[in-house]
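Chain residues, written in single-letter form:
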Amino acid sequence: MTVKQGGGDTVVYRAASVITMNPSRPVATHVAVRDGRILAVGSEEHVSGWGTVRHDDRYADKVLMPGLVEAHCHLYEGVVWQYVYVGYYDRRGPDGRLWQGLKTVDEVVQRLVDARSRLASDKPLIAWGFDPIYFGSRRLTVHDLDRVPGDAAVVVMHASIHLMNVNSRALALAGIHRDTDIDGITRFPDGEPTGELCEFAAMFPVVRLIGNPFRSLSQTPQCVADFAKIAVGAGVTTATDMINELDDDGIRSLAGITRADDFPLRIVPAASGMLFGRNVAACLEKLQQLGHESHAKMRLGMVKLIVDGSIQGFTARLRWPGYYNGAANGIWVIAPDDLSVIIEQYHRAGVQLHIHTNGDEATEVTLDALERALTQWPRPDHRHTLQHCQMASPAQFRRIARLGLCVNLFANHLFYWGDAHHAMTLGPERAHRMNGCATAQRLGIPFAIHSDAPITPLAPLFTAWCAVNRRTAAGRVLGEAERIGVAEALRAITLGAAYTLHQDDCIGSIEVGKHADFCILDSDPLQTAPEGLKDIGVAGTMVGGRPFDAPHGRR
Ligand SMILES: [Zn+2]
C-alpha cells in the first residue's frame, strides 16, 4: 500500500477533540482523510469502515478545528515586512522578529533615522503602521520627517492605509504644493501642505513616485511566502486578498505559487472595482479573461468597492451628529451617484460584491443603492457583503437582514481603537454599538469577523476574542450587550467567513466531502475561559490533507 496522499490512501487522524462546526455532529474524535478531502468524521468506529486505513496519531493530544478563514485581509501583509514598522503596538513579522511598538512621535522619527542609515541614499524610505490617534492632538508633519537625513523621499503609511505622511522632499518630487487642488491634502494655517495626505486621490502622486510597492510586490514569491507563513502560524487555511488589481502577471504568478502542493493556503482575491470606476464592463472583461487561472487554491470572481475612509482617520462618512470631537465629515471614496450605477451593473452581471462602508452614512447610501438594484433585478443568494460596517444602527441591521446581505464586522477595532472611538471619534453610545456581532446574530444575518491585516495582525483567534470579550486596550468593556459566545465567534472565523466568500460548500466546517483543511490547536477553545481565547497555541494547519507546522517563533 502506498502512503502518498492523493493516491487513494486513507489516513485516520485521532484528536483530543474535533470541533466540526457541523451542528448535526458538533464534536468528534476522529477524521478520515482521502485524496485531500474529508472522508468521514466521528468516532474511531464511524470512520474506519472505508477499507484499509492508516492511523496517524500525531494530533492525539491536539484539538482540530476547521481551517480558519480570514475573509478580509490583504496580501500586503506579506509586503509590509520589507519596510519599517512604526506602529504603536508590538508586532511580530513572518521571521518571528518582534518589532517593539513606538509610544511617541520622537520614537517614530528615531526609528526612521536608524533605518535611513541602513538604506542606499537615493532609495525612498517607506514605513507603515503609524497611527496619530494614539498621540492626541499631536500630528506628524514635514517638520518631523525632515529630521530624517538625506535627500530622498520619506513615506509613512498610516495603519489604516487610508492616510500617509511624507517629508518635504516627497511633496516636492510628487509635485504637491500650496496651490495643488486635490481633496485630502492637510494644510498648515498658512496654506502650506503639512505632509499628511488623506485618501487615495491625495496619496496617488506619492504612490506613483515610489512605484506602488504594494501592488508590484504583493504577488511575488517572497511576499506570498511570508504571507503564508503568517497565515499558518495563525491557523488560517483560506485568506482573501481584499483588493486585487488583476494585473495579468501578478495573477498568473499567484495562481502558480498557490497551485503547488506544498503551498499552505487558499487565497481568494477580490477584484478592485476601484481601479475601473464606472467602467464596470472593463472589470468584468478582465475577470472573464483571467477566470481560467482560478483553481481550488486561488479563486477569482468577487469584486471589492470602497465607499468611504476610516473612522480613526476621520475620513469615514458619518450621519448626524457626526464626529464626537467636532471633526468635519469624511471623504466619499466613491461618490454616492457613481456608487448606485456601479453597484447595479455588477449586480446585474451576477457578481458578488464586497463593499467597504465604515461610517453609518456610507452604510446608508450603500443600502439605498443595493435596495434599488435588488428591487429592480432580484437575484437569489447574491451574498453581497458589507465589509467593516462598523457603525451600523439597529435599523440598518434590520434593513441588512431584509435585503439578505451578509456583514463582515471589524471586531479587532474594539481592542485597537475602542478607547479612541469612545473618547474622540464616536463618543460612548455609538462606540458601544460598534461591530455589533450580537445584533447581527439576533437578526439571523450571516456574519464574519476580520482583522483587515495588515491593518491589524492576522490572527482569527484574537479576532474571536475581541468579539467575545469586547475589551479595549485600556481594559474597558465596550458594549456588553454586543458580546457573543465563544461557539458563535468560532463559527464567525470558520463557516461564517466561508459563507461570505460563497465557499461554505467546500470549506469552513469538518464534514464529509469538504477539503481536508484543519487548524490544529494546543487546547480546546470550548473548554477555555473566554478571556483565554487569544492565547491558545496554534500548532499548525492542514490544507488539502497536507500538514504544515506553525513556523518557529510565532507560537
Ligand atoms: Zn481592507
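Residues numbered from 1 in each chain as written. Predicted model: local features only at pLDDT ≥ 70, side-chain atom pairs only at ≥ 80, totals over all residues. Heavy atoms only, no water.

(A) The environment of Thr 240, seen in detail. Turning to its location among the elements, Thr 240 is positioned in strand β15 (residues 236–244). Looking at Thr 240, the relative accessible area reads 0%, which means it is buried. In the structure, Thr 240 is positioned 75 residues away from Asn 165 in sequence and 27 Å away in space, judged by C-alpha atoms. The contact partners of Thr 240, leaving out residues within four places of it in the chain, are Glu 70, Ala 71, His 72, Cys 73, His 74, Phe 227, Val 268, Met 302 and Leu 501. Looking at Thr 240, its side chain comes within polar contact range of the main-chain nitrogen of His 72, at 3.5 Å. (Helix = DSSP H or I, 4+ residues; strand = E, 2+ residues; numbered from the N terminus. Buried < 20%, exposed > 50% of the residue type's maximum accessible area, 1.4 Å probe, protein only. Contact = heavy atoms within 4.5 Å. Polar contact = N/O pair within 3.5 Å; in protein donor to acceptor, adjacent residues only side chain to side chain.)

(B) Focus on helix α7 (residues 221–233). Look at α7: 18 Å from first C-alpha to last across 13 residues, which is about the 18 Å you get at 1.5 Å a residue. Burial in α7 covers these residues: Cys 223, Val 224, Asp 226, Phe 227, Ala 228, Ile 230, Ala 231, Val 232 and Gly 233. Looking at the buried side of α7, the elements it contacts are α6 (213–217), β15, α8 (248–259), β16 (266–272), β23 (538–543) and β24 (546–549). Among the residues trailing α7, Gly 235 stands out with phi positive, at a value near 80°. (Expected span 1.5 Å × (residues − 1).)

(C) Representation of the packing of aromatic side chains within the structure. Scanning the model with the defined rule gives 17 aromatic pairs in all. Summarising the aromatic geometry, the rings of Phe 462 and Trp 465 are spaced 5.4 Å apart at their centres and angled 25° between planes, so their arrangement reads as stacked. Separated by three residues within a single helix, Phe 462 and Trp 465 lie in helix α18 (residues 460–469), roughly one turn from each other. What makes Phe 462 buried here is its relative accessible area of 13%. Through a chain of ring-to-ring contacts, three or more aromatic side chains come together here, namely Tyr 88, Tyr 89, Phe 130, Tyr 134, Phe 135, Phe 415, Tyr 416, Trp 417, Phe 462 and Trp 465. In this structure, Arg 97 packs its charged tip against the face of Trp 99, placed 3.7 Å from the ring centre. The ring of Trp 465 carries Lys 534 above its face, with NZ or CZ at 5.3 Å from the centroid. (Phe/Tyr/Trp six-rings, centres within 6.5 Å; stacked < 30°, edge-to-face > 60°. Lys NZ or Arg CZ within 6 Å of the ring centre and 35° of its normal.)

(D) Spatial organisation of the nonpolar core. Ranked by size, the top nonpolar core spans 152 residues in total, and within it Leu 112, Leu 305, Tyr 346 and Val 407 carry the most contacts. Within the second largest apolar cluster, 17 residues are counted, among which are Tyr 13, Ala 28, Val 33 and Ala 516. (Core = buried A, V, L, I, M, F, W, Y, C linked by side-chain atoms within 4.5 Å.)

(E) Highlighting the coordination of the zinc ion. Each protein donor to the zinc ion is listed here as His 72 (NE2), His 74 (NE2) and Asp 452 (OD); together their distances run 2.1 Å. The motif formed by the donor residues of the zinc ion, counted along the single chain, is H-x1-H-x377-D. With His 74 in the loop between β6 (68–70) and β7 (84–85) and Asp 452 in the loop between β21 (447–449) and α18, this residue pair connects regions lying 378 residues apart in the sequence. (Donors = N, O, S within 2.8 Å, 3.2 Å for Na, K, Ca; no water.)

(F) Examining the sheet that holds strand β13 (residues 185–187) more closely. Spatially, β7-β10-β11-β12-β14-β13 is the arrangement adopted by the six strands of the open sheet, whose pairing is mixed. The open sheet has two free edges, formed respectively by β7 and β13, since each of these has just one partner strand. By the bridge criterion, three bridges tie strand β11 (residues 154–158) to strand β12 (residues 163–166) in an arrangement that is antiparallel. When the sheet's bridge partners are listed, Val 156 is paired in β12 with Asn 165. Against the sheet, helix α2 (residues 105–117) engages β7, β10 (125–130) and β11, with an angle of about 150° to β10. Strands β11, β12, β13 and β14 (193–198) of the sheet are contacted by helix α5 (residues 199–209), whose axis makes an angle of about 115° with β14. (Pairing = 2+ DSSP bridges. Axes fitted to C-alpha atoms, helices over the stretch in contact; angles between N-to-C directions.)

(G) View of the pairing of strand β1 (residues 10–19). Most of β1 sits out of view: eight of its 10 residues are buried. Where β1 lies against strand β2 (residues 27–34), seven bridges are found, and the strand directions are antiparallel. Across the sheet, the residue bridging to Val 11 is Val 33, located in β2. Pairing of β1 with strand β4 (residues 54–56) involves three bridges; the strand directions are parallel. In the sheet register, Val 12 faces β4, and the bridge partner there is His 55.

(H) The arrangement of the sheet that holds strand β20 (residues 406–409) in detail. Strand order in the open sheet formed by eight strands is β6-β15-β16-β17-β18-β19-β20-β21, and the pairing between neighbours is parallel. Among the strands making up the open sheet, the edge pair consists of β6 and β21. Averaged over all pairs of adjacent strands, the angle between strand axes in this sheet comes to 25°, irrespective of strand direction. Of the strand pairs in this sheet, strand β18 (residues 353–357) and strand β19 (residues 385–388) are connected by four bridges, and their pairing is parallel. Across the sheet, residue His 354 finds its bridge partner in β19, namely Thr 385. Against the sheet, α7 touches β15 and β16, its axis set at about 135° to β15.

(I) Seen up close, the environment of Leu 374. Structurally, Leu 374 is set in helix α12 (residues 360–376). Expressed as a C-alpha distance, the spacing of Leu 374 and Thr 463, which sit 89 residues apart in the sequence, is 32 Å. Apart from the residues lying within four places of it in its own chain, the contact partners of Leu 374 are His 347, His 382 and Leu 403.

(J) The packing of α12 against helix α13 (residues 394–402), seen in detail. Orientation of α12 relative to α13, taken along the N-to-C sense of each, is 25°, at an axis distance of 11 Å. Considering their axes alone, α12 and α13 lie roughly parallel with respect to each other. Note on packing geometry: the crossing formed by α12 with α13 is left-handed. Residue-level inspection shows Asp 360, Thr 363, Glu 364, Leu 367, Asp 368 and Glu 371 of α12 in contact with α13, the latter providing Gln 396, Arg 399, Ile 400 and Arg 402. Considered class by class, the residues forming the contact of α12 with α13 number two nonpolar, two polar and six charged. (Parallel < 35°, antiparallel > 145°, perpendicular 65-115°, else oblique. Left-handed = near helix turned anticlockwise from the far one by under 90°. Nonpolar A, V, L, I, M, F, W, Y, C, P; charged D, E, K, R; others polar.)

(K) Region of the structure containing the side chain of His 421. With respect to the helices, strands and loops of the structure, His 421 is situated in helix α15 (residues 418–425). Polar side-chain contacts of His 421 include one of 2.7 Å to the side chain of Thr 425. Once residues within four sequence positions are removed from consideration, His 421 is found in contact with Ile 311, Gln 312, His 413, Leu 426, Gly 427, Ala 431 and Met 434.

(L) Structural detail: the environment of Ile 334. Secondary-structure assignment places Ile 334 in the loop between β17 (303–306) and α11 (336–348). For the pair formed by Ile 334 and Gly 485, sequence separation is 151 residues and the distance between their alpha carbons is 36 Å. Sequence-distant contacts of Ile 334, that is, excluding residues within four places in its chain, are made with Met 274, Leu 305, Ile 306, Val 307, Leu 339 and Ile 342.

Note that every value here comes from positions in space, so none of it alone points to a role or purpose.
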